[in-house]
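Each chain, written out:
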Amino acid sequence: MNKSIRKRVLISIVVALAIIVVIKYYQRYITNLVEVELLSDTGISDGPYFMLDNEQVNVKWISNGSLISQNIELSDYINIGSKLNYEFQVEQLLALTQKQSANFSDVENMVVLSDIHGQYDLFIDLLKANNIIDVHGDWNYNKGHLVIIGDAFDRGDKVTETLWHILKLSDQASQEGGKVHYLLGNHDIMVLNADLRYINEKYNVIEDKTGLSYDQLFGKQSLMGQWLRACPVVLRINDIVFNHAGLSMAMVDKHLSIEAINHTFATNIIDNNRDSIRASEQLSLLARSNGPIWYRGYFKDTTLTNESIDSILHHFKAKHIVVGHTSMERVEVLFDNRILAADTSIKKGESGELLFIEDGKFYRAGLDGEKKLLW
């Protein structure tokens, strides 16, 4: 190849690369950038909350105790500063508001935690200590799956921060071939159904400042509310079933499948009222003490036997069930290693653990980042 031909080839390559860069970044520079600053040196901060209306979006947030409200386009870029440090387009996150799959196979590495209850700082510290996220709070678990078994809501005062970081990691993980799963727990569904008995007093102030009730901030027209309503209650990965509280023999006796349970919650329990739920035998079963968001039988039912667990596992096509909801001091294993308890009292804000399932082995790990084999 002579010198002139090499020069033409080099120019062609440079031009092609320039075109690629322009195509990739042009949209970024012709759209607006909305900076969401969550300052709290002279007052509380919270948000942002995105309310969707066709192509229009209203975003509200509280900074230093003051409400900021702005109308934006779906294509506008949003940058949430502070610890989150996340830039995105609303339309980019709409994919996460579609119905989430509840069945995955051939997943080699998983990490599990449950019942964060607004304890954002401890949640982040646990993920950092175990290299699930990096020092900047970004996804660092490659093609692994992070499973959060419900109850980010209630009790603590950093629920919104927790939910936004979960959304950020969901977005980042999908780009790396990984996955973040959020399962709905009883406190999540309570908020969606306007049962606000356990919200932190901070959110009463947020209601006053925004002019919206707490459940409206997570209503069907909100970005966060749409995402939550797309999340399942029960999830199967490989031969392991994950669920907030547990799957009971009552569900087996009614021949309920994972798909039927998720569908019933999505269509008939979320956004329904208590009287209508209690008037239906099936809805009442799923939404009350024998259902998957309130059940405590694995820990409190003395009549539950290994044979009962065999029947439950066989029915749901699983070898193990992992649950939260019932608080422990560490990850616990019950019924001959078939039931695992992953609620490690993170809600107290003092300590907690992650459950790792990697290459067919089960470990627990805390803030020291040291994995301990469970069996």
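Before reading on, note that the structure itself is shown above.
Values in this document were obtained by computation on a predicted structure and should not be read as measured data. (Residues numbered from 1 in each chain as written. Predicted model: local features only at pLDDT ≥ 70, side-chain atom pairs only at ≥ 80, totals over all residues. Heavy atoms only, no water.)

Visitor: Which parts of the structure should I look at to understand the layout of surface pockets?
Guide: Over the atoms, a rolled probe matching the size of one water molecule traces out where space is still vacant. As a volume, the largest pocket reaches approximately 620 Å³. Contributing to the lining of the largest pocket are 28 residues, with Met190, Asp195, Arg197, Ala287 and Trp294 lying nearest its centre. Of all the secondary structure elements, the ones that give two or more residues to the lining of the largest pocket are helix H5 (186-192) and helix H11 (274-279). In terms of residue count, H5 provides more of the lining of the largest pocket than any other element does, 4 residues in total. (1 Å grid on protein atoms, 1.4 Å probe; cavity = no way out; pocket = protein on both sides within 12 Å on 5 of 7 lines; lining within 4 Å. Points joined across faces, edges and corners; volume = space filled by probe spheres on them. Helix = DSSP H or I, 4+ residues; strand = E, 2+ residues; numbered from the N terminus.)

Visitor: Please explain unusual backbone geometry as it appears in this structure.
Guide: The residue after Gly47, namely Pro48, is reached through a cis peptide bond having omega 0°. By the secondary structure assignment, Pro48 is in strand S2 (residues 46-53). One non-glycine residue, Asp154, lies in positive phi territory at about 70°. With respect to the helices and strands, the residue Asp154 is situated in the loop between strand S9 (145-148) and helix H4 (159-175). Overall, Asp154 belongs to the buried group, its relative accessible area being 1%. With a phi angle near 65°, Ser345 is a residue other than glycine that sits in the positive phi range. (Buried < 20%, exposed > 50% of the residue type's maximum accessible area, 1.4 Å probe, protein only.)

Visitor: Got a minute to help me understand the side chain of Glu358 in this structure?
Guide: Within the secondary structure, Glu358 is located in strand S16 (residues 354-358). A polar atom in the side chain of Glu358 sits 2.5 Å from the side chain of Lys371. Not counting residues within four places of it along the chain, the set of residues in contact with Glu358 comprises Glu108, Asn109, Met110, Tyr141, Tyr363 and Lys371. (Polar contact = N/O pair within 3.5 Å; in protein donor to acceptor, adjacent residues only side chain to side chain. Contact = heavy atoms within 4.5 Å.)

Visitor: In this structure, what is going on with the sheet that holds strand S17 (residues 361-365)? I would like to understand it.
Guide: By way of backbone hydrogen bonds, the strands of a sheet pair with one another, either parallel or antiparallel. A sheet is described by the order of its strands in space; here 6 strands give the open sequence S10-S9-S8-S16-S17-S18, paired in mixed fashion. If you trace the sheet from one side to the other, it starts and ends with strand S10 (179-182) and strand S18 (372-373), each paired once. Two strands pair when backbone bridges link them, and S9 and S10 are joined in this way by 4 bridges, in the parallel orientation. By the bridge assignment for S10, His145 is matched with Lys179. Its contacts with the sheet place H4 against S9 and S10, and it is angled at close to 145° to S10. (Pairing = 2+ DSSP bridges. Axes fitted to C-alpha atoms, helices over the stretch in contact; angles between N-to-C directions.)

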